[in-house]
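# Results of the structural survey
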Amino acid sequence: GGLENVELVEKYVMSDKDYERRENSLRNYKKKMREKDPYWTFLPENRREPKNMAPPGEEDIKPFNIGDRCEVQPGSRRGFVAWKGECEGIGNGCWIGVHLDEPLGRGDGSIKKTGDKLFECPPKHAV
């Protein structure tokens with residue numbers, strides 16, 4: 001029976017109430033860490049978002065020009081700057097739209113929320 005079909009084996013399921021009572025649980029560890037630092041995450045330091053970072057501004061995107069070659073991280077994806085400026089559908093601040101050389105992106109140069117087309121490119125060639 002149970003060796004051929006694991007569905008026949010009764011599995012142990014701990015209730016949330018019992019799990020909450022455990023001192024050395026992952027949930028309690030996370031709670032303690034968040035009490036110390038509300039921005040705490042399981043991600044390593046080099047993968048975390050900077051705390052209290054202001055949105056990118058005009059000065060941040062000034063060095064980049066339309067047509068400039070660039071490399072997008074993560075993944076060392078290469079392409080060129082196809083658009084730069086502010087857009088409500090993205091979030092606060094100034095942003096840069098990159099037309100990738102290969103289909104390694106997420107979009108086609110448009111904003112999903114608003115449907116605004118910022119620049120022309122094939123599907124999966126924009127970030």
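Residues numbered from 1 in each chain as written. Predicted model: local features only at pLDDT ≥ 70, side-chain atom pairs only at ≥ 80, totals over all residues. Heavy atoms only, no water.

## Here we look at the environment of A126
Of note, A126 is situated in the segment after β3 (91-100). Taking the relative accessible area as the measure of exposure, A126 reaches 6% and is therefore buried. Distance in space between the C-alpha atoms of A126 and E4 is 48 Å, their sequence separation being 122 residues. Setting aside anything within four residues of it in sequence, one finds A126 in contact with V98, G105, R106, G107, D108, G109, F119 and C121. (Helix = DSSP H or I, 4+ residues; strand = E, 2+ residues; numbered from the N terminus. Buried < 20%, exposed > 50% of the residue type's maximum accessible area, 1.4 Å probe, protein only. Contact = heavy atoms within 4.5 Å.)

## Some points on the sheet that holds strand β2 (residues 77-87)
Pairing in this open sheet of three strands is antiparallel, and the strands run β1-β2-β3 from one edge to the other. The two strands at the open ends of the sheet, each matched to only one other strand, are β1 (69-72) and β3. Direction aside, the axes of adjacent strands within the sheet are offset by 60 degrees on average. Two strands pair when backbone bridges link them, and β2 and β3 are joined in this way by eight bridges, in the antiparallel orientation. Residue pairing for β3: K84 is matched across the bridge by I96. (Pairing = 2+ DSSP bridges. Axes fitted to C-alpha atoms, helices over the stretch in contact; angles between N-to-C directions.)

## Considerations on the nonpolar core
Of all hydrophobic cores here, the largest spans six residues; its members are W83, C87, I111, F119, C121 and A126. What C121 contacts, discounting residues up to four positions off in sequence, is H99, G107, D108, G109 and A126. In terms of nonpolar packing, the next biggest core, distinct from the first, is built from five residues, C70, V72, V81 and V98 among them. (Core = buried A, V, L, I, M, F, W, Y, C linked by side-chain atoms within 4.5 Å.)

## Details of the confidence of the model for the protein
Across the protein, pLDDT averages 86, with 92% of residues at or above 70. Element-level mean pLDDT values for the protein span from 89 in helix α2 (residues 26-36) up to 94 in β1. (pLDDT = per-residue confidence, 0-100.)

## Structural notes on unusual backbone geometry
Note on backbone geometry: most residues besides glycine have negative phi, and most peptide bonds are trans. Looking along the chain, the bond that leaves Q73 and enters P74 is cis, with omega of 0 degrees. Relative to the elements of secondary structure, P74 occurs in the loop between β1 and β2. Not every positive phi belongs to a glycine, and S76 is a case in point at roughly 50 degrees. Considering the arrangement of structural elements, one finds S76 in the loop between β1 and β2. When its relative accessible area of 40% is taken as the criterion, S76 is described as partly exposed. One non-glycine residue, K124, adopts positive backbone phi at about 65 degrees.

## Here's the deal with the side chain of R77
For R77, the location among the structural elements is in strand β2. Buried charged residue R77 carries no salt bridge. Nearest counter-charge: E71, at 9.5 Å. Only 3.2 Å separates the side chain of R77 from the backbone oxygen of P74, close enough to count as a polar contact. If we skip the residues at most four places from it in the chain, R77 touches C70, E71, V72, L100, L104, G105 and V127. (Lys, Arg positive; Asp, Glu negative; His and termini not counted. Salt bridge = Lys/Arg side-chain N within 4 Å of Asp/Glu carboxyl O. Polar contact = N/O pair within 3.5 Å; in protein donor to acceptor, adjacent residues only side chain to side chain.)

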